[in-house]
Structures are given as structure tokens and as C-alpha cells.
2 protein chains.
Amino acid sequence: MTDERRGDVASVDSVLVALADPTRRQLLDLLAAQGEATATTLAEQLPVTRQAVVKHLAVLDAAGLVSGGRVGREVRYAVRPAALDATARWMAGLAADWDRRLANIKRIAEAAERDTP
Amino acid sequence: MTDERRGDVASVDSVLVALADPTRRQLLDLLAAQGEATATTLAEQLPVTRQAVVKHLAVLDAAGLVSGGRVGREVRYAVRPAALDATARWMAGLAADWDRRLANIKRIAEAAERDTP
DNA sequence: TGGATGTGCAACCCCAGAATTGCACGTCCA
DNA sequence: TGGACGTGCAATTCTGGGGTTGCACATCCA
């Protein structure tokens, strides 16, 4: 986690970087399927060490994609949809913007073609 | 480009990896703003070499985010919204799925609490 | 034709980050 | 209380990818 308050929607950048790694996406899948899980439990279901899982969870936490809470001697993590949803909206908006621009350029090109046939 | 046909929507993985790099996102912004551009032109607007831009464009092309066409001695690239849009939908679906699961888990937890008050 | 301009290819450097190992510290419970 | 279990921290290794340089090849145009 960075210095931002817990619960804030992290930047799009950190979410994209977090999602770019296949092991982290697998972790998210496992967490989504099980609701809650510890780093030790998750490591047993993956071909990596617990320490690797811990580091990945830290990245996911910094991106706001998961959050962990201590229960006794163990730390249970769960998935947080908000950051993912925000990034999805960002991407959809970007795609729409590209579409707009492309349509505009096409329109201008056709107008120019009419002027010089 | 890989061996997939031009125009195919590449896998979500390649799109996420492509978008994870800030320089590549900048390239996409420039391309979207200018409609069409060559690697040489783009390199002049960024603090990196043309070769670096070429490699980034190759990654973006493999992800289906841009496409390049030869015009005389130059290669002009343009943005392709389809892959981005598809990935946005994938993310939105995933976020919805997480929401569903979390709601379900909460429901079960409350039911269990009612049984043992 | 020859120079200017734009691409393509190959070798190389460098470092962030993915992963491991080893050990110390806190927590539960028989 | 002591052992088992879970976590935290630090040092280390090593590969992939971002970036560069240098040169060869293709294309335009005066």
C-alpha cells in the first residue's frame, strides 16, 4: 500500500500493471472463488512460494484490487471490485474516444475527396 | 504481429501487458490525437529512440491496439478501438462477477449468524 | 544519378521485478 | 510452557523487456 487512504480507488496505471501479471490474475481468480484466503493457503494452490504470493498481494493491495485484514495470527485477503470497475470504465471511455476521433477523421477525408475528385 | 489474422481481437492478456507500459499508453494517445503517424514522427515527440518506438508499436500491433500500413517508403500507424473495447467489456464482466460473489458470501454469512446469535 | 529521408535488422547494455532461501517474531492450543 | 503454525523481513539470484547504437536497405525527388 502507498500513502493513500485505505478504500481509495488507486490510479489506472497501478491497476493495469497489477493485472499485467498472469500469476496475479490467478490470485484474483482464486480469491474471487473462495471469498477469503491467506497467503499461505493461496501459495498451496500455485506453483510459487508463499513469499512470492505475499509480494503479489502487496502489489494488488496497492492497486486497490484486494484488501487484507488480520484475524488472529493470519491475514485474510479478499477481492475489491471498485478499482477494477473504475479501470473498466476508463478503458471503455478511451475506446469511445478513439471511435469518435476515427469517425471524425474519416469525415474530413471524405470531404477533402469531394473537393478534389 | 503474431500468426493470427489481421483484424482479430487479440487475447486479453496481450492487451493488458501492452497497456501496462506508460510509453505505450503515450504512443496510443499520440496516435489517437493525430489519426495517423509514423514511428519516426512519434519518436520526435517522445524522449526515446525511433527503434524503441518501433518495438512498442510491434507490441501494440500484436495486441490488436494499432495497425500499420505502408505508404510509399513510410509505415503509417493508426489506433484500433476494437481490442480495447473488448478488454473493457472483459474487465467490467469480471468486476460484476466479483460483486455477485461478494454479495453471495455476505448473504451466507448473515444466514449463519442468524443460526448462531 | 545521387543525396536525403525512412525502415529494418542485429547485437548489446542495463535494471526492475519475479522468485527463492533462510531466519526471526508473533500467535494459538494441548 | 513448549511446539506447531502463520507471518514479516532481508539478502540474493536471474530472466525479460525497455532502451540504445550502428549499419544495411529501400524509396523519394531535384
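Residues numbered from 1 in each chain as written. Chains lettered and ligands numbered in written order. Predicted model: local features only at pLDDT ≥ 70, side-chain atom pairs only at ≥ 80, totals over all residues. Heavy atoms only, no water.

In the annotation of an unreviewed UniProt entry, chain A is listed under the name Transcriptional regulator and assigned to Nonomuraea cavernae.

**Student:** So, the relation of the copies chain A and chain B: which residues are in play, and what are the values?
**Tutor:** Under the fitted operation, chain A is carried onto chain B by 0.0 Å of movement along the axis and a turn of 180°, and the coordinates agree to an RMSD of 0.0 Å. Both copies of the chain, as the preceding transformation shows, are related through a two-fold rotation axis. The rotation axis passes nearest to the C-alpha of A:Ala88 in chain A, at a distance of 2.4 Å. Both copies present the same face, since 100% of the interface residues in chain A are matched by interface residues at the equivalent positions in chain B. (Least-squares fit on C-alpha atoms with pLDDT ≥ 70 in both. Contact = heavy atoms within 4.5 Å.)

**Student:** Please provide a residue-by-residue account of the sheet that holds strand S1 (residues 37–38) of chain A, values included.
**Tutor:** Residue and element names in this part refer to chain A. The 3 strands lie next to each other as S1-S3-S2, forming an open sheet whose pairing is antiparallel. If you trace the sheet from one side to the other, it starts and ends with S1 and strand S2 (66–71), each paired once. Relative to strand S3 (residues 74–79), S2 is paired through 6 bridges, and the arrangement is antiparallel. Paired with Val 66 across the strands is Val 79, a residue of S3. Together, S1, S2 and S3 form the strand contacts of helix H2 (residues 22–34), whose direction differs from that of S3 by roughly 95°. (Pairing = 2+ DSSP bridges. Helix = DSSP H or I, 4+ residues; strand = E, 2+ residues; numbered from the N terminus. Axes fitted to C-alpha atoms, helices over the stretch in contact; angles between N-to-C directions.)

**Student:** Provide a residue-level description of helix H4 (residues 50–62) of chain A, including the pertinent values.
**Tutor:** Residue and element names in this part refer to chain A. Its 13 residues place the ends of H4 18 Å apart at the C-alpha level, agreeing with the 18 Å of an ideal helix rising 1.5 Å per residue. Listed as buried for H4 are Val 53, His 56, Leu 57, Leu 60 and Asp 61. Mapping the buried residues of H4 onto a view down its axis gives an arc of 140°, with all of them on the same face. Contacts made by the buried residues of H4 are with helix H1 (12–19), H2, helix H3 (39–44), S2 and S3. Directly beyond the C-terminal end of H4, a positive phi value near 80° is found at Gly 64. (Expected span 1.5 Å × (residues − 1). Buried < 20%, exposed > 50% of the residue type's maximum accessible area, 1.4 Å probe, protein only. Arc of directions from axis to C-beta.)

**Student:** Summarise the protein's contact with DNA strand C; cite the residues concerned and give the values.
**Tutor:** Around DNA strand C sit 21 residues in total, of which A:Thr49, A:Lys55, A:His56, B:Thr40 and B:Gln51 are the nearest. Taking all atoms of DNA strand C within 4 Å of the protein, the share assigned to sugar and phosphate is 51%. Take A:Arg24: an N or O atom from its side chain is 3.0 Å from a phosphate oxygen of DNA strand C. The separation between a base oxygen of DNA strand C and a polar side-chain atom of B:Arg73 is 2.9 Å. Taken together, the elements giving at least two residues each to the surface near DNA strand C come down to H2 and H4 of chain A together with helix H4 (50–62) and strand S2 (74–79) of chain B. No other element matches H4(A), which puts 4 residues into the surface near DNA strand C. Residue composition of the surface near DNA strand C, by class: 4 nonpolar, 8 polar and 9 charged. (Near = heavy atom within 4 Å. Polar contact = N/O pair within 3.5 Å; in protein donor to acceptor, adjacent residues only side chain to side chain. Nonpolar A, V, L, I, M, F, W, Y, C, P; charged D, E, K, R; others polar.)

**Student:** Report on the environment of B:Gly35, specifying residues and quantitative values.
**Tutor:** In this structure, B:Gly35 sits in the loop between helix H2 (22–34) and helix H3 (39–44). Each C-alpha atom of the pair B:Gly35 and B:Val79 lies 7.4 Å from the other, and the pair is 44 residues apart in sequence. When sequence neighbours within four positions are dropped, the list of residues in contact with B:Gly35 reads A:Ile105, B:Tyr77 and B:Ala78.

**Student:** Describe the protein's contact with DNA strand D, listing the residues and the values that go with them.
**Tutor:** As a matter of local geometry, DNA strand D sits amid 21 residues, with A:Thr40, B:Thr49, B:Lys55, B:His56 and B:Arg73 nearest to it. Each atom of DNA strand D within 4 Å of the protein was assigned to sugar, phosphate or base; sugar and phosphate come to 53%. Between a phosphate oxygen of DNA strand D and a main-chain N or O atom of A:Val75, the distance comes to 3.3 Å. Of all elements in the fold, only H4 and S3 of chain A together with H2 and H4 of chain B reach the threshold of two or more residues within the surface near DNA strand D. For the surface near DNA strand D, the element with the highest residue contribution is H4(B), accounting for 4 residues. A per-class count over the surface near DNA strand D returns 4 nonpolar, 8 polar and 9 charged.

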